[in-house]
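Listed below, chain by chain, are the residues.
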Amino acid sequence: MNNTVYIKKCNIYNESLIKTSLDEIFSEMSISSDFISKGDKVVIKPNLLIGKKPEQVVTTHPLVIKKVIDYLKKYECKVIIGDSPGGPFTKKRLKSIYKKCGFLEFEKIDNVELNYDTSFSKVSFQDGLLIKSFQIANFIKDADLIINMPKLKTHSFMKYTGAVKNLFGAIPGMKKAEYHLRLPEVDNFALMLVDLASLLKPNLNIMDAVIGMDGDGPSSGRKKEIGYILVSKSPFSLDLAGATLLNIKPEKIPTIYQAIKNNISLRYDEINLKGDELKPALNTKIPKISRSDTTSIKGLPVFITNIINKLLKPRPIFKQDTCVKCGECKLNCPSDAITLDEYPKVDLDKCIRCYCCQELCSYNAVKIHRPLLGKLLFK
Ligand code: SF4
Ligand code: SF4
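Residues numbered from 1 in each chain as written. Chains lettered and ligands numbered in written order. Predicted model: local features only at pLDDT ≥ 70, side-chain atom pairs only at ≥ 80, totals over all residues.

As for the domain arrangement of the protein chain
The condition that has to hold: Delimitation of the domains relies on an automatic or database domain assignment. By definition, residues are in contact whenever their C-beta atoms, placed on the basis of the backbone, come within 7 Å of each other. Helix and strand assignments come from DSSP, with helices taken as H or I runs of at least 4 residues and strands as E runs of at least 2, each series counted from the N terminus. Under the scheme applied here, ten amino acids are nonpolar (Ala, Val, Leu, Ile, Met, Phe, Trp, Tyr, Cys and Pro), four are charged (Asp, Glu, Lys and Arg), and all others, including Gly, are polar.
With domains assigned, the protein chain is organised as domain 1 (4–275) and domain 2 (291–377). Look at where the C-alpha atoms of domain 1 and domain 2 centre, and you get two points 27 Å apart. Contact residues are listed per partner, giving 17 residues for domain 1 and 19 residues for domain 2. Put simply, the parts of the chain that give the side of domain 1 that touches domain 2 at least two residues each are α6 (175–182) and α7 (186–200). Considering every element that reaches the side of domain 1 that touches domain 2, the biggest residue donor is α6, with three residues. Here the side of domain 1 that touches domain 2 is composed, by residue class, of eight nonpolar, six polar and three charged.

Written as structure tokens, this is what we have:
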């Protein structure tokens, strides 16, 4: 895997600025017909977590994707744009998300289609460090080339979401909840994501870090002007640079920590940075996740574990002033911990602290509360 990260400053979503940035990067990378052949099925995998307008900075901006499509035209390949967003993987839901995210215009371009194939297959991965087989959406499994296009954001469960975490969208719909339930601990979940990235091996990773998100990412955070487009053949190297841009020490991010520990990724000072100087954003707000949030102390009676969970661990809080009672949080809760008794309520004994409820609430109605005692004990 090539560990170079190409960096270009780009501080607004302007067509000609994005085009210039990408053209310069692709020419430096010497992308040629050895890389993409005529007729190849090229899948562009953006971050389409939930249906939000581009200016709400939750999803990969369509202008960046449009310029990648323009660049690909000369290779006469077939481009498929798709993701398995949060929630059920259905044609109706995909259509609604494409519309809200400003993607429907892509259907008008020759040789470009939006994916509506919701089938999936089991793919064996004997080299997996933790996971030996994955359920993968067929449109990604059958791709000749994968172009992974993450958005730079913080993440309440994984601290950060970039190239490696974006690939979780290759797992279809509610199957994602099964991985949360099987792997509730931060380190195991991160290791699963590292396995998934090693299996899928995206050919190119292009990060929309023009305007990203900090605070309560990946959907309820704060717009953060970052001002860059990053490209790498390695999702791990790209994330080392992306984390640095958000002013997070890369090793503090569970996916990066696991990838380095298992010799899948180099360290930040070992990768090759090319192009503009990478200047971290100032005053970023980063979620304070800790291993103790999801790890049970072994050997304790269940009732003591439950008391610890209630008193010390972070928990979702549902804000009645913004909640519209849509039930999306209940639908997506992997451990069935939410009841919708008019407003949502959580059973903290069942809650695995995955924060999917916060991630997939379109109304910013879920906040993660961290009890003071927990903050003091688990810094
Ligand atoms: S908290 Fe959000 S997802 Fe849950 S019911 Fe309310 S608005 Fe819907
Ligand atoms: S209540 Fe929220 S944080 Fe708890 S398990 Fe359900 S989705 Fe995850």
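Moving on from the coordinates now.
Regarding the environment of proline 88
Condition: Backbone-placed C-beta atoms define the burial measure: a residue is buried with 20 or more other C-beta atoms within 10 Å of its own, exposed with 12 or fewer, and partly exposed in between.
Looking at the element boundaries, proline 88 is found in the loop between β3 (78–81) and α3 (91–100). Here proline 88 falls in the partly exposed class, since 15 other C-beta atoms lie within 10 Å of it. A sequence separation of 244 residues divides proline 88 from asparagine 332, and the C-alpha atoms of the two residues are 8.6 Å apart. The contact partners of proline 88, leaving out residues within four places of it in the chain, are Arg93, Gly173 and Met174.

Re the site of ligand 2
Keep this limit in mind: As a rule, any residue with its backbone-derived C-beta atom within 6 Å of a molecule or strand is reported as near that molecule or strand.
Neighbouring residues of ligand 2: 14 residues in total, closest Cys333, Cys351, Cys354, Cys356 and Cys357. Classifying every residue of the shell around ligand 2 by side-chain character gives twelve nonpolar, one polar and one charged.

Examining the nonpolar core
We apply this condition: The term nonpolar core means buried Ala, Val, Leu, Ile, Met, Phe, Trp, Tyr and Cys residues held together as one set by C-beta atoms within 7 Å.
Of all hydrophobic cores here, the largest spans 103 residues; its most connected members are Ile229 and Leu230. With ten residues, α7 is the largest single contributor of residues to this core. Inspection of this core shows a minimum of three residues originating in each of domain 1 (4–275) and domain 2 (291–377). Each residue touching isoleucine 229, except ones within four places of it in the same chain, is listed here: Lys8, Cys10, Ile18, Ser21, Leu22, Val64, Met207, Asp208, Ala209 and Val210.

Some points on helix α8 (residues 235–245)
The element α8 is largely enclosed, with a buried count of ten among its eleven residues. Of all the residues in α8, the buried ones are Pro235, Phe236, Ser237, Leu238, Asp239, Leu240, Ala241, Gly242, Ala243 and Leu245. One or two positions beyond α8, positive phi appears at asparagine 247, with a value near 70 degrees.

Focus: the site of ligand 1
The environment of ligand 1 is formed by 13 residues, the closest being Cys323, Cys326, Glu328, Cys329 and Cys361. Among the residues making up the shell around ligand 1, the classes are represented as ten nonpolar, one polar and two charged.

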